[in-house]
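# Residue-level structural notes
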Amino acid sequence: MSTVVAFHAHPDDEVILTGGTLARAAAAGHRVVLVTATDGRVNDDDGDLRLNELRTSASILGVHRLECLGYADSGYGPVFYPDPPGRVRFGRADVDQAAGRLAEILREEAADVLLSYERNGGYGHRDHVQVHHVGKRAAELAATPRVLEATMPRELLVRIGSVARRLRLPAPYEPELARTAYAPTATITHRINVFGFARHKRDAMAAHRSQIGNSAAAARLFGLLLRLPPQASGALFPFEWFVDPAASPGAVRRDIFD
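Residues numbered from 1 in each chain as written. Predicted model: local features only at pLDDT ≥ 70, side-chain atom pairs only at ≥ 80, totals over all residues. Heavy atoms only, no water.

- As annotated in an unreviewed UniProt entry, the chain carries the name GlcNAc-PI de-N-acetylase and comes from Mycobacterium paraense.

Spelled out as structure tokens, the structure:
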């Protein structure tokens, strides 16, 4: 059996980008480790709500070990807030220092695969871009044999742009942003079938109740999605995608350990 370490920016990212993949790996007997860079708190008075939601989500997905590096959420948008007292926002973290902490986990776990993010951070969120830099450096320090970068097909995001406009969905579903977000389909090296783990992904997403929708329309949409039977949810979201930056595009692989 193998070990996968999934490195994410915030609580809930683990579900959106890799929830089905992690549940599938755990069900197959592989060891699954989840590391988040931040605790999801933009303000220190937000409490531990998002960490508690993360713990619930990780349990649903079958995660064996959960770690949080403890950086503050940098926030999304043009304003880069000052660091809160006694903490550093992840977007300002020293890359080598953060990578050293992640590399220690990679070594402890003898990780076979690190799941990280693309250079563009998917849709440009400063914390997601930082995950790319920190993950890449950590894999070098720990000599982790494979790094896969979680992504989505850019063309798919563009196609749902009209729906996003009407519902005012957040990034990366905004039509203008979707045209440069994530990765072109032709560059994707791994497409993982997660249909059989739709219930895990749906229930793990439901654990992050504080993050469901920032508008009335979006909240209604996400509420509807979370009430879908697993078969319907799986039909809507049957795949998760990754890019192996060390591989040339070719035949799309069906397993992260392939």
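This is not the end of the story, as more comes after the structure.
## Quick notes on the environment of V95
- Mapped onto the elements of the fold, V95 is located in helix α3 (residues 95–109).
- For V95, a relative accessible area of 27% corresponds to the partly exposed category.
- Setting aside chain neighbours within four positions, we find V95 in contact with Q130, H133, V134 and R137. (Helix = DSSP H or I, 4+ residues; strand = E, 2+ residues; numbered from the N terminus. Buried < 20%, exposed > 50% of the residue type's maximum accessible area, 1.4 Å probe, protein only. Contact = heavy atoms within 4.5 Å.)

## Focus: unusual backbone geometry
- A positive phi angle, near 50°, is found at A110, a position not held by glycine.
- Secondary-structure assignment places A110 in the loop between α3 and β4 (113–117).

## Observations regarding the sheet that holds strand β6 (residues 190–193)
- Reading across the sheet, the seven strands line up as β3-β2-β1-β4-β5-β7-β6 and stay open at both edges, with mixed pairing between neighbours. Looking at the sheet topology across the chains shown, the edges are occupied by β3 (65–71) and β6. Ignoring which end each strand starts from, the neighbouring axes of this sheet average 25° apart.
- In the sheet, strand β2 (residues 31–38) pairs with β3 via five bridges, with the strands oriented parallel. When the bridges of β3 are listed, T38 appears paired with Y71. (Pairing = 2+ DSSP bridges. Axes fitted to C-alpha atoms, helices over the stretch in contact; angles between N-to-C directions.)

## A few points about the packing of aromatic side chains
- Following the criterion strictly, the structure yields four aromatic pairs and no others.
- Centre to centre, the rings of F7 and F90 are 6.4 Å apart; their planes meet at 90°, and the pair counts as edge-to-face. Placement of the pair is F7 in strand β1 (residues 3–8) and F90 in the loop between β3 and α3, with a sequence separation of 83 residues. By the burial criterion, F7 is buried, and F90 matches it.
- Ring centres of Y123 and Y182 lie 6.4 Å apart, and the angle between their planes is 45°; this geometry places the pair in the tilted category. Taken together, the residues span a long stretch of sequence, with Y123 in the loop between β4 and α4 (126–142) and Y182 in the loop between α7 (175–178) and β6 at a distance of 59 residues. By the burial criterion, Y123 is buried, and Y182 matches it.
- Of note, R126 hangs over the ring of F80, and the distance from its end group to the ring centre comes to 4.4 Å.
- The ring of F239 is capped by R191, whose NZ or CZ atom sits 4.2 Å from the centre of that ring. (Phe/Tyr/Trp six-rings, centres within 6.5 Å; stacked < 30°, edge-to-face > 60°. Lys NZ or Arg CZ within 6 Å of the ring centre and 35° of its normal.)

## What about the packing of helix α2 (residues 49–61) against helix α8 (residues 198–207)?
- Two numbers describe how α2 lies on α8: the axes approach to 8 Å, and their chain directions differ by 170°. With respect to their mutual orientation, α2 and α8 come out roughly antiparallel. Residues E53, T56, S57, I60 and L61 of α2 pack against H200, D203, A204 and A207 of α8. (Parallel < 35°, antiparallel > 145°, perpendicular 65-115°, else oblique.)

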